[in-house]
Amino acid sequence: MRWGLLFVLLVTAISLPFVLFEDEVDQFATRAVEAASGAPQLAVMIGAALTFDVILPVPSSIVNAVAGAMLGFLLGALVCWAGMTLGCLFGYWIGATGGTALVRRLMGEAELARAETLAGRMGAPALVVLRAVPVLAEASTIAAGAARYPLGRFMAVTGVANIGIAMAYAGVGAYALSTNSFLLAVGGAIAIPALGYGLHRATEGWTRAAAQPASAAAPAETETPAFSIDYRYPVIFTRGLFDVTNPVLADTLRTDAGGAAKCVFVLDAGVVGAMPVLPRQIEAYCTTHHGALTLLAPPVTLPGGEAVKSGFDVIQDLYRLFLKHGVDRHAYVIAVGGGAVLDAVGFAAATAHRGLRHVRVPTTVLGQNDSGVGVKNAVNFDGIKNYAGTFAPPRAVLNDFLMLDALPRQDRVAGISEAVKVALIRDGAFFRWIEEKVGALATFEPEAEEQMIRRSAALHIRQIAQGGDPFETGSARPLDFGHWAAHRLETLSGHALRHGEAVAIGIALDTRYSVLTGLLPEGEDARLVRLLETLGLPIWHDALDQTDAQGARAVISGLREFQEHLGGALSITLLRGIGVGVEVHEMDHALVAEAIDWLRAGGQGA
């Protein structure tokens, strides 16, 4: 009802001047036309007005009627058709490109927005009908461009529609001239759009339905955020970290926090068992350095070993600890312990409040020379090693060599396997140095042990920082040489095998496999076995002979789990030489079985 009333008022406002002043309007129009020196100039003027009708306030219906009246039916229809068709192409360009700043100023953002709303239901029927509707005629062409309606089809549809509209207007104008009734031309200029609008409303439902495929095919608008984060964290080697005279911890946190750091300490029960005074040492250190550290709670102890990573029970306990003591994103969670405790605490810290500040204090050889200096954390789930975890670089890694003295012998030896691993794939000179220092390393001579840890940590850090994929978004895990078998062996042995012991077996297996495939010269595998055995590391465990329900060796399923962990193609690191790793994307199970048999024989019978 409201729209009908507005339409009546519009028609009345346009018609009334012609009813009251028909002669004057007729004389004005005649003089305006006569101002043009001839039909060509008038045709150009009318064509230009219709072409730029999209952005200019041109009364196109009246211009079309004038064309028929002044140029005659045929020429008037041709000029109207050409001008409107060029106008359609211009409107399409505006919609497809968003127009220029000038176009936006001339049309206004509201008009462009109105055109965009038509784009979602654009179709051939809508284009035909809308050509005769005031305002919508121009908006429909812009909408067609915005919707990326096929240009060829658009021009064909609008071209045909414009023929009918041009002939209608030219006919009304020519007839009005012959009967000397300019009012008739104006009336036709009102009646034709009214008819077009009526058809548009009558066909709105089926034009919308016809438009669905075009709308579905329209490309989505895409925004692509791009940013990078510069990760930096110190890896510091010291002795007596919690000695009150040692400023390393206080200085590190003060520098990072810019003031006194709020701290929570989580300790490995195994470390506390070997060093009962450790909790009191930490409290005394924080008291002495109260300007740099503030304890939010007394140090908390967690069970060490793989049990701490078995599921989410411990993780939930840590969340409750953080909540109870108000540990926020500016506080520090400091984990002191072996690799399993660092993994569990690191995972809890990385996921609480979407990331707390985490400091690692590795207390094992393996933690100080490998896992503790990296960016990963994880817990096990349903028997799958490291299934749930994150990549979360620590705020700092503080290695205290003095803590290694509290380790049981086999734990201390086991960590050397990670140094051997990284030497095999990255640094032949380091491997030869380990061979030369094997006696000193096996007896934990401090200078040799500390140099081994520093060099191994440096190689791991270099791979993380310069290897191009610190968060393992690809399919390769170059630092995990020997680990596809090691992770599976840990599970198959019920974690009777330490991680470092399983790694020793895994690198021996893959080194022998590298020889069997012709990648590595014969004899290099036996060379590795001699080194591992001299260090006191195993090359065999009965878990290698376990079979699954189909009778296949169970350890081989570690290949599938290794691939599934990252997704994508299988990517296994093998050796092309001592110090030279190479990625392969398939493993011959028969050769894996042959390599296992070789290990059972003690690395003999090549």
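Note that the structure is a prediction, hence the values are computed from the model and not measured.

Participant: Explain the packing of aromatic side chains to me, using residue names and the numbers behind them.
Facilitator: By the definition in use, this model includes nine aromatic pairs. An angle of 70° between the planes, with centres 6.1 Å apart, marks the rings of Phe-242 and Phe-265 as edge-to-face. With Phe-242 in the loop between β1 (235–238) and α13 (248–257) and Phe-265 in strand β2 (residues 261–268), this residue pair connects regions lying 23 residues apart in the sequence. Here the two residues Phe-242 and Phe-265 agree in accessibility, since each one is buried. Ring centres 5.9 Å apart and planes at 50° place the aromatic pair Phe-312 and Phe-381 in the tilted group. Within this pair, whereas Phe-312 is found in the loop between β4 (300–302) and α16 (313–324), its partner Phe-381 is found in strand β7 (residues 376–381), the two being separated by 69 residues in sequence. Owing to a relative accessible area of 29%, Phe-312 belongs among the partly exposed residues under this scheme.

Participant: I'd like a description of the pairing of strand β10 (residues 572–577), backed by residues and values.
Facilitator: Of all six residues in β10, five are buried; the element is thus mostly enclosed. Relative to strand β11 (residues 580–584), β10 runs antiparallel, the two sharing five bridges. From the neighbouring strand, Leu-575 faces β11, where its bridge partner is Gly-581. Hairpin connection, β10 to β11: the antiparallel pair is bridged by two residues, and Gly-579 has positive phi, about 95°.

Participant: Now, about helix α21 (residues 428–436): what can you tell me, with residues and values included?
Facilitator: Along α21, the residues that are buried comprise Gly-428, Phe-430, Phe-431, Trp-433 and Ile-434. Close packing links the buried residues of α21 with α20 (416–426), α22 (438–442), α23 (446–466) and α26 (524–535). A distance of 3.1 Å separates the backbone nitrogen of Ala-429 from a side-chain oxygen at the start of α21, and that oxygen is part of Asp-427.

Participant: Could you give an account of the packing of helix α25 (residues 499–516) against helix α28 (residues 589–600), with specific residues and numbers?
Facilitator: Contact geometry of α25 with α28 gives a least axis separation of 9 Å together with a crossing angle of 120°. By the angle between their axes, α25 is oblique relative to α28. The crossing of α25 and α28 is right-handed. Contacts between α25 and α28 pair Ile-505, Ala-508, Leu-509, Arg-512, Tyr-513 and Leu-516 from the former with Leu-591, Val-592, Glu-594, Ala-595, Ile-596, Trp-598 and Leu-599 from the latter. Residues belonging to the contact of α25 with α28 are distributed by class as follows: 11 nonpolar, no polar and two charged.

Participant: Would you mind going over the environment of Leu-575 in detail, with residue names and values included?
Facilitator: In this structure, Leu-575 sits in strand β10. Along the chain, Leu-575 and Tyr-513 lie 62 residues apart, while their C-alpha atoms are 9.0 Å from each other. Beyond its immediate sequence surroundings of up to four residues, Leu-575 is in contact with Leu-424, Ile-425, Phe-481, Thr-511, Ser-514, Leu-519, Leu-520, Val-580 and Val-582.

Participant: Which residues make up empty space enclosed by the protein, and what are the values?
Facilitator: Tallied over the full model, the rule gives two cavities of 30 Å³ or more. In this structure, the second largest cavity occupies an estimated 40 Å³ of space. In terms of lining residues, the second largest cavity is bounded by Arg-239, Phe-401, Asp-405, Arg-412, Pro-446, Glu-449 and Glu-450. Split by residue class, the lining of the second largest cavity holds two nonpolar, no polar and five charged.

Participant: Give a description of the nonpolar core that names residues and reports values.
Facilitator: Val-420 and Met-587 are the most contacted members of the largest nonpolar core, which totals 71 residues. Among the elements that line this core, the one with the most residues is α25, at nine residues. Beyond its immediate chain neighbours, meaning those up to four positions away, Met-587 contacts Trp-484, Asp-510, Tyr-513, Leu-559, Leu-570, Ile-572, Leu-574 and Val-592. Core analysis: the second largest hydrophobic core is formed by 27 residues, Phe-265, Tyr-285, Ile-334 and Val-361 among them.

Participant: Hey, could you go over unusual backbone geometry for me, with residue numbers and the actual values?
Facilitator: Positive phi is not limited to glycine here, since Glu-472 has a value of about 55°. As for its position among the elements, Glu-472 is in the loop between α23 and α24 (483–492). Taking the relative accessible area as the measure of exposure, Glu-472 reaches 17% and is therefore buried. Unusually for a residue other than glycine, His-495 sits at a positive phi of about 65°. Within the secondary structure, His-495 sits in the loop between α24 and α25. Overall, the relative accessible area of 35% leaves His-495 in the partly exposed class.

Participant: I'd like to hear about the pattern of salt bridges, residue by residue, with values.
Facilitator: Following the criterion strictly, the structure yields 28 salt bridges and no others. The partner of Arg-395 in a salt bridge is Asp-256, and the shortest N-O contact between them spans 3.1 Å. Of this pair, Arg-395 sits in the loop between β8 (384–391) and β9 (396–400) while Asp-256 is found in helix α13, placing the two residues 139 residues apart along the sequence. The class of Arg-395 is partly exposed, set by a relative accessible area of 31%. Connected via shared salt-bridge partners are Glu-306, Lys-309, Asp-343, Lys-385 and Glu-490.

About the cut-offs
Residues numbered from 1 in each chain as written. Predicted model: local features only at pLDDT ≥ 70, side-chain atom pairs only at ≥ 80, totals over all residues. Heavy atoms only, no water. Phe/Tyr/Trp six-rings, centres within 6.5 Å; stacked < 30°, edge-to-face > 60°. Helix = DSSP H or I, 4+ residues; strand = E, 2+ residues; numbered from the N terminus. Buried < 20%, exposed > 50% of the residue type's maximum accessible area, 1.4 Å probe, protein only. Pairing = 2+ DSSP bridges. Contact = heavy atoms within 4.5 Å. Polar contact = N/O pair within 3.5 Å; in protein donor to acceptor, adjacent residues only side chain to side chain. Axes fitted to C-alpha atoms, helices over the stretch in contact; angles between N-to-C directions. Parallel < 35°, antiparallel > 145°, perpendicular 65-115°, else oblique. Left-handed = near helix turned anticlockwise from the far one by under 90°. Nonpolar A, V, L, I, M, F, W, Y, C, P; charged D, E, K, R; others polar. 1 Å grid on protein atoms, 1.4 Å probe; cavity = no way out; pocket = protein on both sides within 12 Å on 5 of 7 lines; lining within 4 Å. Points joined across faces, edges and corners; volume = space filled by probe spheres on them. Core = buried A, V, L, I, M, F, W, Y, C linked by side-chain atoms within 4.5 Å. Salt bridge = Lys/Arg side-chain N within 4 Å of Asp/Glu carboxyl O.

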